[in-house]
Amino acid sequence: MNRRIFVFDIFGLGVFSIFKNKIKFIKNTEMARSVSTWKTSDANLKAGQLLDKGSNSLDAAVEGVAIEELNPKNTTVGLGGAPDRTGIVTLDACVMNHLGDCGSVVAVENIVHVARLAKDVMEKTPHVMLAGEGAEEFAYTQGYKSRDLLTKESKKEWKDWLKNQEYKPIINIENHDTIGMLCLDKYNNISGACTSSGLAYKMRGRVGDSPIIGSGLFIDNKVGGAVATGLGEEIVKTVGSHLVVELMRQGKSPQEACEIAVKRIADNNKQDNRFQVAYLAINKSGEVGSYSIEPGFSYMDYFNRENKEIISASAY
Ligand code: ASP
């Protein structure tokens with residue numbers, strides 16, 4: 001595995017990196033910035049503060065989203081995430097770093113920190129993606145503890161849902177608050193993480209866009225990175241995050257790229273069957289853009305020690 005190793009920060013000016021036996025000095029750019037989907041304020045603050053302390057972009061993203069994975073009030077991520085229609089919580093996550101390495105886990109039960117697990121898949125296995133029981137077994141070999149992800153509240157809501165069993169993914173935050181996070185570190189490297197329990201009351205075995213590299217998350221360190229949230233079934237049809245990054249490669253700003261990518265699928269949004277899709281992107285200069293189909297999408301932006309919620313523009 002081609003891993004870059006960073007050694008000692010020289011009076012805050014930069015670090016030496018060792019990659020493929022070559023030693024290089026990388027100057028701090030002070031451009032550290034972290035953005036994350038929805039009102040994931042604590043998670044984004046954690047990532048931003050780690051970046052300010054000199055953390056690399058991958059560690060900052062994975063430890064940032066870990067806050068939301070442990071938050072039982074977020075019903076679309078980790079602990080307290082809504083179960084599938086059989087009452088079982090299954091989680092999806094992926095990570096991608098500035099070298100283009102990536103890892104992913106899908107339909108994992110009983111493990112809270114699935115973004116960390118995706119990073120372990122990337123760093124400690126010869127594979128990119130592990131699913132279901134295999135991913136869970138791998139987690140135990142790495143020291144993860146088993147935990148019931150269904151909380152009293154999420155169990156009660158599922159029991160209420162069972163009365164009508166109407167599967168109607170609501171268009172906005174009520175049913176999507178998957179966290180996708182992009183971090184740009186002081187060494188001008190971009191990484192990201194995306195973690196979700198997917199859509200509430202999905203069919204058993206359903207996997208959305210969030211753990212699919214290119215759909216829920218894509219990074220190209222020469223260009224930028226993008227993350228997606230919303231109805232995964234629509235996002236995968238255009239490999240959404242990859243599309244946003246490719247548009248930036250062609251010279252579009254993050255904002256323009258998100259708008260074009262959203263508009264490409266907004267036409268499928270029929271009056272009687274509306275759904276939400278949103279993209280968030282960052283480029284190598286630290287510029288950020290976002291766009292959604294429906295109003296109501298916002299993201300967190302940590303820059304220069306300030307962590308702000310930004311309301312995204314939307315197609316409708
Ligand atoms: N994109 C996620 C999925 O389809 C849902 C979300 O963004 O909340 O699984």
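Here, the structure is the one placed above.
Residues numbered from 1 in each chain as written. Predicted model: local features only at pLDDT ≥ 70, side-chain atom pairs only at ≥ 80, totals over all residues. Heavy atoms only, no water.

A.B. asks: How should the overall build of the chain be read in this particular structure?
C.D. replies: Within the chain one finds 8 helices and 16 strands. Relative to its full complement of 316 residues, the chain shows a buried share of 57%. Of all intrachain contacts in the chain linking residues separated by at least 6 positions in sequence, the fraction that spans at least 24 positions is 62%. When the accessible area of the chain is evaluated, it comes to approximately 13800 Å², of which 52% is carbon and sulfur surface. (Helix = DSSP H or I, 4+ residues; strand = E, 2+ residues; numbered from the N terminus. Buried < 20%, exposed > 50% of the residue type's maximum accessible area, 1.4 Å probe, protein only. Contact = heavy atoms within 4.5 Å. Areas by Shrake-Rupley, 256 points an atom, 1.4 Å probe, with all protein chains shown as cover.)

A.B. asks: Where do I start with the sheet that holds strand S15 (residues 306-311) in this structure?
C.D. replies: Think of a sheet as strands paired side by side through backbone hydrogen bonds, with each pair either parallel or antiparallel. Strand order in this open sheet of 8 strands is S7-S6-S5-S9-S8-S4-S14-S15, and the pairing throughout is mixed. Each of the sheet's edge strands pairs with one partner strand only, and the pair in question is strand S7 (129-131) and S15. Across this sheet, the average inter-strand angle for adjacent strands is 10°, counted without regard to direction. Pairing between strand S4 (residues 33-37) and strand S14 (residues 298-303): 5 bridges, direction antiparallel. Note that in S14 the partner of Ser 34 across the bridge is Tyr 302. Here helix H2 (residues 57-69) sits on the sheet in contact with strand S5 (91-96), strand S8 (179-184) and strand S9 (190-196), set at roughly 20° to S9. (Pairing = 2+ DSSP bridges. Axes fitted to C-alpha atoms, helices over the stretch in contact; angles between N-to-C directions.)

A.B. asks: Can you walk me through the site of the ligand in this structure?
C.D. replies: Close contacts around the ligand come from 13 residues, with Thr 178, Arg 206, Asp 209, Thr 229 and Gly 230 the closest. At a separation of 2.7 Å, a nitrogen atom of the ligand approaches a polar backbone atom of Gly 230. The separation between an oxygen atom of the ligand and a polar main-chain atom of Gly 232 is 2.9 Å. For the shell around the ligand, a count of residues per class yields 1 nonpolar, 9 polar and 3 charged. (Near = heavy atom within 4 Å. Polar contact = N/O pair within 3.5 Å; in protein donor to acceptor, adjacent residues only side chain to side chain. Nonpolar A, V, L, I, M, F, W, Y, C, P; charged D, E, K, R; others polar.)

A.B. asks: Hey, could you run me through helix H7 (residues 240-249) in this one?
C.D. replies: Since one α-helical turn is 3.6 residues long, residues separated by three or four positions face the same way. Where burial is concerned, most of H7 is hidden: 7 out of the 10 residues are buried. Turning to H7, its buried residues are Gly 240, Ser 241, Leu 243, Val 244, Val 245, Leu 247 and Met 248. Of the residues flanking the end of H7, it is Gly 251, one or two places downstream, whose phi is positive at about 110°.

A.B. asks: Got a minute to help me understand the side chain of Ser 104 in this structure?
C.D. replies: Tracing the backbone shows Ser 104 in strand S6 (residues 102-108). A residue is classified by how much of its surface remains accessible, and Ser 104, at 0% relative accessible area, is buried. Once residues within four sequence positions are removed from consideration, Ser 104 is found in contact with Ala 93, Cys 94, Ala 118, Val 121, Val 128, Met 129, Leu 130 and Pro 211.

A.B. asks: Quick question: what am I supposed to make of the side chain of Ser 34 here?
C.D. replies: Structurally, the position occupied by Ser 34 is in strand S4. By relative accessible area, which is 0% here, Ser 34 ends up buried. Among the polar contacts listed, one links the side chain of Ser 34 to the side chain of Asn 44, at a separation of 2.7 Å. Once you skip the residues sitting within four places of it in the chain, Ser 34 turns out to touch Asn 44, Ala 47, Gly 48, Leu 51, Met 181, Leu 182, Cys 183, Met 300, Asp 301 and Tyr 302.

A.B. asks: Before we go on, may I ask you to explain the packing of aromatic side chains in this structure?
C.D. replies: Here a ring pair, both rings aromatic, is described through the centre-centre distance and the interplanar angle of the planes. This model, assessed by the stated rule, comprises 2 aromatic pairs. Seen in terms of ring centroids, Trp 38 and Phe 297 are 5.0 Å apart; in terms of plane orientation they differ by 90°. Their pairing is edge-to-face. You can see Trp 38 sitting in the loop between S4 and helix H1 (41-52) and its partner Phe 297 sitting in the loop between strand S13 (288-292) and S14, a full 259 residues away along the chain. Of the residues examined, Trp 38 reaches a relative accessible area of 1% and is grouped as buried. Under the relative-accessibility criterion, Phe 297 is labelled buried at 0%. Between Arg 33 and the ring centre of Phe 303, over which it is positioned, the NZ or CZ distance is 4.4 Å. It is Arg 85 that lies over the ring of Tyr 167; its NZ or CZ is 5.0 Å from the centre. (Phe/Tyr/Trp six-rings, centres within 6.5 Å; stacked < 30°, edge-to-face > 60°. Lys NZ or Arg CZ within 6 Å of the ring centre and 35° of its normal.)

A.B. asks: What is the right way to look at the sheet that holds strand S16 (residues 313-314) in this model?
C.D. replies: The 5 strands are arranged S10-S11-S12-S13-S16 in an open sheet whose pairing can be described as mixed. Two strands in the sheet have a free side with no partner beyond their single neighbour: strand S10 (217-220) and S16. Bridge count for strand S11 (residues 224-230) against strand S12 (residues 277-283) is 7 bridges, and the pairing is antiparallel. Each bridged residue has a counterpart across the sheet, and for Ala 226 the counterpart in S12 is Ala 281. Strand contacts of H7: S10, S11 and S12, with the helix running at about 145° to S11, the strand carrying the most contacts. Along the sheet face, helix H8 (residues 254-266) touches S12 and S13 and points at about 20° away from the line of S13.

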